[in-house]
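# Examination of the molecular architecture
Here are the chains, one letter per residue:
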Amino acid sequence: FAVMEGGMGVIMRFLYGTGLRQMECLRLRVKDVDLERMVVVVRNGKGGKDRRVMVPQALAGDLAAWRERLEV
């Protein structure tokens, strides 16, 4: 992970830290990531079920910065 920078690095650390599958990550919407509660809502995951996944504290800063870039 040390050699990955930018958006791809954030995505890879996010996948590894939360345990999400690739398609679950690609289907995420900005409103599915709640950084105040440190939770991600995965909708229609494996088996068609919804679930909540905890976000690692180490990713909070990276995700907040990435979200700001998306909202601009």
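For the structure, see preceding data.
Residues numbered from 1 in each chain as written. Predicted model: local features only at pLDDT ≥ 70, side-chain atom pairs only at ≥ 80, totals over all residues. Heavy atoms only, no water.

## Description of the packing of helix α1 (residues 6-18) against helix α3 (residues 60-71)
Running from N to C, α1 and α3 point in directions that differ by 135°, and their axes come no closer than 11 Å. As summarised for this structure, α1 and α3 are arranged oblique, according to the angle between their axes. Seen from above, α1 lies across α3 with left-handed handedness. Facing α1, whose interface residues are V10, I11, R13 and F14, α3 presents D62, L63 and W66. Tallied by class, the residues present in the contact of α1 with α3 amount to five nonpolar, no polar and two charged. (Axes fitted to C-alpha atoms, helices over the stretch in contact; angles between N-to-C directions. Helix = DSSP H or I, 4+ residues; strand = E, 2+ residues; numbered from the N terminus. Parallel < 35°, antiparallel > 145°, perpendicular 65-115°, else oblique. Left-handed = near helix turned anticlockwise from the far one by under 90°. Contact = heavy atoms within 4.5 Å. Nonpolar A, V, L, I, M, F, W, Y, C, P; charged D, E, K, R; others polar.)

## A short note on the nonpolar core
A general feature of soluble globular proteins is that nonpolar side chains tend to end up buried together. Within the largest apolar cluster, 16 residues are counted, with the highest numbers of intra-cluster contacts made by F14, L20, V40, V55 and L63. Elements supplying a minimum of two residues to this core: α1, β2 (39-42) and α3. Of all the elements, α1 adds the most residues to this core, at three residues. Those residues within four positions of V40 in sequence are excluded, and the remaining contacts are F14, L28, D32, V33, R51, R52, V53 and V55. (Core = buried A, V, L, I, M, F, W, Y, C linked by side-chain atoms within 4.5 Å. Buried < 20%, exposed > 50% of the residue type's maximum accessible area, 1.4 Å probe, protein only.)

## Regarding the layout of surface pockets
Its boundaries defined by the atoms lining it, the largest pocket holds a volume of some 450 Å³. The wall of the largest pocket is formed by 16 residues, among which I11, F14, C25, L28 and W66 lie closest to the centre. Elements represented by at least two residues in the lining of the largest pocket include exactly α1, α2 (22-26) and α3. (1 Å grid on protein atoms, 1.4 Å probe; cavity = no way out; pocket = protein on both sides within 12 Å on 5 of 7 lines; lining within 4 Å. Points joined across faces, edges and corners; volume = space filled by probe spheres on them.)

## Re the sheet that holds strand β3 (residues 51-54)
Strand order in the open sheet formed by three strands is β1-β2-β3, and the pairing between neighbours is antiparallel. At either margin of the open sheet sits one strand with a lone partner, and together these are β1 (33-34) and β3. Alignment of β2 against β3, held across four bridges, turns out to be antiparallel. When the sheet's bridge partners are listed, V41 is paired in β3 with R52. (Pairing = 2+ DSSP bridges.)

## With respect to the pattern of salt bridges
In total, this model carries six salt bridges according to the counting rule given. A salt bridge links E24 to R51; its shortest N-O distance comes to 2.5 Å. Residue E24 is found in helix α2, and its partner R51 is found in strand β3; the two are separated by 27 residues along the sequence. E24 sits in the buried class, given a relative accessible area of 5%. (Salt bridge = Lys/Arg side-chain N within 4 Å of Asp/Glu carboxyl O.)

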